[in-house]
Amino acid sequence: MIFITAKFQIKPEFADEWSKIADEFTRATRSEPGCLWFDWSRSLEDPNEYVLVEAFRDGDAGGAHVQSVHFKNAQQTLPPHLAATPRIVNMEIPQDDWSLLGELAVPDAT
C-alpha cells in the first residue's frame, strides 16, 4: 500500500473550521475504490496544525487519487486556508491494513 502522512498548518482564522473546509475533499477521497483510509487529526500541541493519515491500495490507486477531479479542486480551494505548504511522508509498504501494536496489547480484548 501507499501510506501517506501530511502535516497541514492552517491559518488561525480557519483552524476551527478546517473539518468543514476539507469535508468535500475528504468525502470524495474516502469514496475512491483504492482509498483504504483518509483520516484527519488535530494536534494537541498546536491547534492550527492538522495531520492527515491516508493510505491507498497501491501506486495505481494513489495515481488515480492525484488525477481525480476532487484532488484538482482541492489544489485550488484548500491553499488559501493554509499558512504554509503541507509537509509529507509518502512510503510504499508491504501491508494492506494497520498492524497490532503488540507492546500495548490489551489482554482478552476482542
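Right above here is the structure, for reference.
A short tour of the structure in this document, coming up. (Residues numbered from 1 in each chain as written. Predicted model: local features only at pLDDT ≥ 70, side-chain atom pairs only at ≥ 80, totals over all residues. Heavy atoms only, no water.)

### Observations concerning the overall build of the protein
In terms of helices and strands, the protein carries four helices and four strands. The linear arrangement of helices and strands in the protein, starting from the amino end, is β-α-α-β-β-α-α-β. C-alpha extents for the protein along the principal axes are approximately 45 × 35 × 20 Å. Sequence-distant contacts in the protein: of pairs separated by 6 or more residues, those separated by 24 or more amount to 72%. Counting every atom, the protein has about 7500 Å² of accessible surface; 56% of that belongs to carbon and sulfur. Here the protein contributes 9 positively and 18 negatively charged side chains, and the mean placements of these two sets differ by 8 Å. (Helix = DSSP H or I, 4+ residues; strand = E, 2+ residues; numbered from the N terminus. Contact = heavy atoms within 4.5 Å. Areas by Shrake-Rupley, 256 points an atom, 1.4 Å probe, with all protein chains shown as cover. Lys, Arg positive; Asp, Glu negative; His and termini not counted. Charge placed at Lys NZ, Arg CZ, Asp CG, Glu CD.)

### Some words on the pairing of strand S3 (residues 49-56)
Most of S3 is tucked away, with eight of its eight residues classed as buried. The two faces of S3 match: Glu49, Val51, Val53 and Ala55 on one face and Tyr50, Leu52, Glu54 and Phe56 on the other face are all buried. Relative to S3, strand S1 (residues 2-9) runs antiparallel, the two sharing eight bridges. Its bridge partner being in S3, Thr5 is matched across the sheet by Val53. By the bridge criterion, seven bridges tie strand S2 (residues 35-42) to S3 in an arrangement that is antiparallel. When the sheet's bridge partners are listed, Cys35 is paired in S3 with Phe56. Counted between consecutive antiparallel strands, the loop separating S2 from S3 contains six residues. (Buried < 20%, exposed > 50% of the residue type's maximum accessible area, 1.4 Å probe, protein only. Pairing = 2+ DSSP bridges.)

### A word on the sheet that holds strand S4 (residues 87-92)
Pairing is antiparallel across the open sheet formed by four strands, whose spatial order is S2-S3-S1-S4. The sheet terminates laterally at S2 and S4, the two strands that pair on one side only. Strand after strand, the sheet turns through a mean of 10 degrees between neighbouring axes, direction not considered. Where helix H2 (residues 23-30) meets the sheet, it contacts S2 and S3, and its direction lies at approximately 155 degrees from that of S2. Running at roughly 130 degrees to S3, helix H3 (residues 59-67) makes contact with S1, S2 and S3 of the sheet. (Axes fitted to C-alpha atoms, helices over the stretch in contact; angles between N-to-C directions.)

### Some points on the nonpolar core
Core analysis: the largest hydrophobic core is formed by 18 residues, its most contacted members being Phe8, Ile10, Trp18 and Phe56. If you list the elements that add at least two residues to this core, you get S1, S2 and S3. For this core, the leading source of residues is S1, giving four residues. What Phe8 contacts, discounting residues up to four positions off in sequence, is Trp18, Trp40, Asn48, Glu49, Tyr50, Leu52, Leu82 and Pro86. Formed by five residues, the second largest nonpolar core is a distinct cluster that contains Met1, Trp37, Val51 and Ala55. (Core = buried A, V, L, I, M, F, W, Y, C linked by side-chain atoms within 4.5 Å.)

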